[in-house]
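Each chain, letter by letter, is given below.
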Amino acid sequence: MGLLYQQGYFRQQIDRDGNQQAFYPYNDPGQLPIMPLRQSNGEWLRMEIALPGYTVWLRAWQVKVGRRKLYLLDSNDPANLPVHRGLTSELYGGGPELRLKQELALGIGGWRLLEALGLNPEVCHLNEGHAAFALLERARSFKDKTGVPFDAALAATRAGNVFTTHTAVAAGFDRFAPELISRYLGRYATEKLGISHRELFALGRQNPDDMHEPFNMAYLAMRGSGAVNAVSRLHGQVSRDLFSPLFRRWPINEAPVTHVTNGIHVPTWESSAADELWAEACGQGRWLGNTETLAAKIEAIPDVRLWELRTTGRTVLVEDVRTRLSRQLTASGYEPELVERARHVLDPNVLTLGFARRFATYKRPNLLLHDPDRFARLLTDSRRPVQLIIAGKAHPADGAGQELVQQWIQFIKRYHLLPHAVFMSDYDMRLAQRLVRGVDLWINTPRRPWEASGTSGMKVLVNGGLNLSELDGWWAEAYSPAVGWALGDGREHGDDPAWDAHEADQLYNLLEQHVIPEFYTRDANGVSTSWVARMRASMARLTPQFCTNRTVREYTHNYYLPAAQRYHARAADRGAGGVEIVRWKRELAEKWGSIRFGELHVSTAENAHTFQAQVYLNALDPAMVRVELFANTLDGVTPIRIEMKTLRKLAGAAGGYAYGATIDSARPASDYTPRIIPRWSDAAVPLEADYILWQR
Ligand SMILES: *Cc1c(COP(=O)(O)O)cnc(C)c1O
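Only a predicted model underlies this, so the values are computations on that prediction, with no experimental measurement involved.

Draft legend 1. Structural context of the overall build of the chain. Looking only at helices and strands, one finds 21 helices and 27 strands in the chain. A globule of 696 residues ought to have a C-alpha radius of gyration of about 26 Å, and the chain, at 29 Å, matches this closely. Counting only C-alpha atoms and orienting by the principal axes, one finds that the chain spans roughly 95 × 75 × 50 Å. Every one of the 696 residues in the chain was classed for burial, and the buried ones make up 54%.

Spelled out as structure tokens, the structure:
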């Protein structure tokens with residue numbers, strides 16, 4: 001489910017001075033592979049959503065993506081006031097208010113469309129917090145169908161919601177001013193959800209009583225989901241840190257965010273030559289099942305075939321860049337002589353670097369320009385030349401990003417680099433496809449840890465392209481010396497200019513001392529055997545791992561199937577499970593403050609520690625808690641947790657119990673701390689209840 005942005009993001013042209021110009025051509029839906037969704041009477045299916053003082057109609061569209069259907073909504077309906085027809089025209093356009101309207105259209109309108117189509121999904125997977133209003137609408141619908149209150153409806157439905165967070169900095173979360181939320185969602189909360197404004201705000205705030213705290217969409221997503229994941233291993237750590245304020249007193253590593261590393265859809269990004277080679281080695285159906293057997297088959301491909309794959313890819317790319325660049329320069333008003341020169345840029349036999357991404361400052365698109373003299377020398381070396389293709393858009397409101405585009409254009413001009421370095425305008429998926437099929441080396445220079453995953457580097461793998469990248473996002477888990485090159489030291493350095501300078505130096509050194517010599521050292525057949533060895537390792541080990549086959553399998557087994565099961569369990573019997581969860585949380589809220597630890601006795605004998613803890617639960621039902629021993633582990637990721645069992649009731653104390661556990665004494669007893677946490681059938685803790693009491 002998504003929005004149909006009829007003007008997309010924006011189209012980029014670069015003028016002769018290197019200024020980025022933004023265009024917003026209207027994408028005529030009649031020219032797109034999409035279809036209006038019609039009702040049985042032939043009328044266009046439309047959803048109505050209430051905004052303050054008026055309603056907006058959203059038209060429903062259908063896109064067929066392979067065997068799947070994608071539904072889109074747009075507001076360009078003649079029934080709407082002119083001012084509302086453009087609500088969904090641009091991605092990342094306008095300010096917070098427009099953004100909020102778009103998110104209401106997506107979340108509330110989107111869920112309504114799914115229901116209007118009779119789809120009744122069991123699992124709702126949120127791609128980032130932007131879509132989180134869908135959780136409210138899903139709960140509202142469940143409440144109306146079953147008659148349970150909103151909190152029970154949310155408790156029942158959240159079990160079927162999965163939230164994937166994508167940002168690596170708190171500033172990346174969508175946050176709205178309280179006044180905007182009150183204006184747009186106040187009536188929806190009281191009339192549709194049946195909750196107070198305070199209850200609504202509590203879902204999007206760290207502190208429900210702070211009337212000034214903005215409404216955070218990622219927090220809403222957290223409170224309305226049964227599972228939460230980040231998009232790479234490193235991003236998992238970063239996200240646990242970002243969300244740890246919602247789980248106070250819990251160790252940061254236990255903040256309930258796991259990870260599924262992204263992958264790319266290989267058939268979309270592979271060249272026809274790569275397709276042929278892979279089909280020969282691994283068969284036609286290689287991307288239909290699991291990919292575990294592919295590596296061995298790729299290992300067996302002869303050197304010459306791999307080297308030819310590179311040569312073909314590079315040759316096709318060079319031809320394509322020549323055509324595209326001459327059109328691009330004509331459009332920017334360059335004189336015919338220069339346009340003619342564009343038809344002869346680059347060389348199909350020269351080591352080809354690619355650098356293309358959004359020009360956001362954290363991606364450091366100018367790191368290669370740190371020492372322009374040195375970089376220009378490297379490009380124009382007559383014995384071992386290098387060529388570079390670069391592309392990227394800066395957000396139209398991001399002046400700093402646009403300046404970086406200009407720096408590249410001016411660098412190419414000042415050093416007369418046209419045959420060796422080209423800036424391709426209007427980076428989009430089509431251009432990305434061509435680049436990743438042809439380049440020998442893909443460079444990525446984000447500031448660790450701000451690249452949550454990154455996917456562009458994965459797209460070169462199948463085509464035999466190699467990566468030289470910062471140890472961030474996916475590359476932090478993919479890199480080994482055999483498959484490519486790593487930038488940085490695997491640690492965080494913020495935006496320290498001295499560290500940027502150091503990394504720029506490291507980048508030039510890698511190119512000069514390792515990448516370039518390796519590419520140009522050839523055997524008797526003209527093949528670089530060490531380059532080919534690296535290609536083979538990268539293709540065999542990384543392609544099957546960083547593809548959507550692996551990603552979707554992980555989501556299915558670890559998230560979707562359990563979520564569907566838990567949702568059915570809670571939704572059964574008109575949401576009885578949801579009602580129970582609410583009762584459990586109410587009990588915890590009322591009684592947690594009164595529980596406490598008494599004495600702890602530890603004895604050690606015969607390689608075992610025996611712990612006995614006195615616990616006073618007072619009026620709290622022992623079935624609602626778990627008493628356990630906790631110890632950190634060296635990796636800090638998965639701590640040791642050992643359940644303590646009830647041994648007996650304590651004499652003379654209502655609600656007093658002795659809990660005990662015996663463990664081996666490999667680690668000193670002082671490493672372990674007893675603690676009490678909530679427990680209830682299938683509830684996710686601490687995601688659904690973040691209480692915790694430590695013995696000390
Ligand atoms: C793959 C892709 C991206 C994502 O690139 P990263 O550099 O990994 O963030 C962005 N834009 C386009 C057009 C892409 O094809």
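Draft legend 2. Fine view of the environment of Leu154. Looking at the secondary structure, you find Leu154 in helix H4 (residues 150-158). Along the sequence, Leu154 and Ser225 sit 71 residues apart, while their C-alpha atoms lie 9.0 Å from each other. Not counting the four nearest positions on each side in its chain, Leu154 is found in contact with Leu135, Ala139, Leu203, Arg223 and Gly224.

Draft legend 3. Quick look at the environment of Arg85. Residue position: Arg85 is located in helix H1 (residues 82-85). Judged by relative accessible area, Arg85 falls into the partly exposed class, the value being 31%. Expressed as a C-alpha distance, the spacing of Arg85 and Ala651, which sit 566 residues apart in the sequence, is 72 Å. Contacts of Arg85, omitting those with residues within four sequence positions, involve Ser75, Asn76, Asp77, Pro78 and Asn80.

Draft legend 4. Here's a closer look at the sheet that holds strand S17 (residues 441-444). In spatial order, the strands read S16-S15-S14-S17-S18-S19; together these 6 strands make up an open sheet with parallel pairing. Single-partner strands in this sheet number two, and they are strand S16 (421-424) and strand S19 (484-487). In this sheet, neighbouring strand axes are inclined to one another by 20° on average, regardless of whether the strands run parallel or antiparallel. Sheet analysis places strand S18 (residues 466-470) next to S19, joined by 4 bridges and oriented parallel. Opposite Ser469, over in S19, you have Ala486 as the bridge partner. On top of the sheet, helix H12 (residues 303-331) reaches strand S14 (351-356), strand S15 (386-391) and S16; it is set at about 65° to S16, its chief contact. Helix-sheet contacts for helix H20 (residues 529-542) involve S14, S18 and S19, and the interaxial angle to S18 is about 75°.

Reading the values: the criteria
- Starting from 1, residues in each chain are numbered consecutively following that chain's sequence as written.
- Side-chain atom pairs in this predicted model are given and counted only at pLDDT of 80 or more, local residue features only at pLDDT of at least 70, and totals for whole chains, interfaces and linings cover all residues.
- Processing note: side-chain calculations cover all non-hydrogen atoms of the structure and skip hydrogens and water entirely.
- Secondary structure elements are defined from DSSP: runs of H or I of at least 4 residues count as helices, runs of E of at least 2 residues count as strands, and each element is numbered from the N terminus.
- This radius of gyration counts C-alpha atoms alone. The globule rule is 2.2 Å times how many residues there are, raised to the power 0.38.
- The cut-offs for exposure are 20% and 50% of the maximum accessible area for each residue type, with area from a 1.4 Å probe on protein chains only; residues under the lower value are buried, those over the upper are exposed, and the others partly exposed.
- The contact definition used throughout considers only heavy atoms, calling two residues in contact when any of these lie within 4.5 Å.
- A pair of strands is considered paired only if DSSP assigns at least 2 bridges between the two.
- All axes here are fitted lines through C-alpha atoms, helices being fitted over the stretch that makes contact, and every angle between N-to-C directions spans 0 to 180 degrees.

Coordinates in, geometry out; function isn't part of it.
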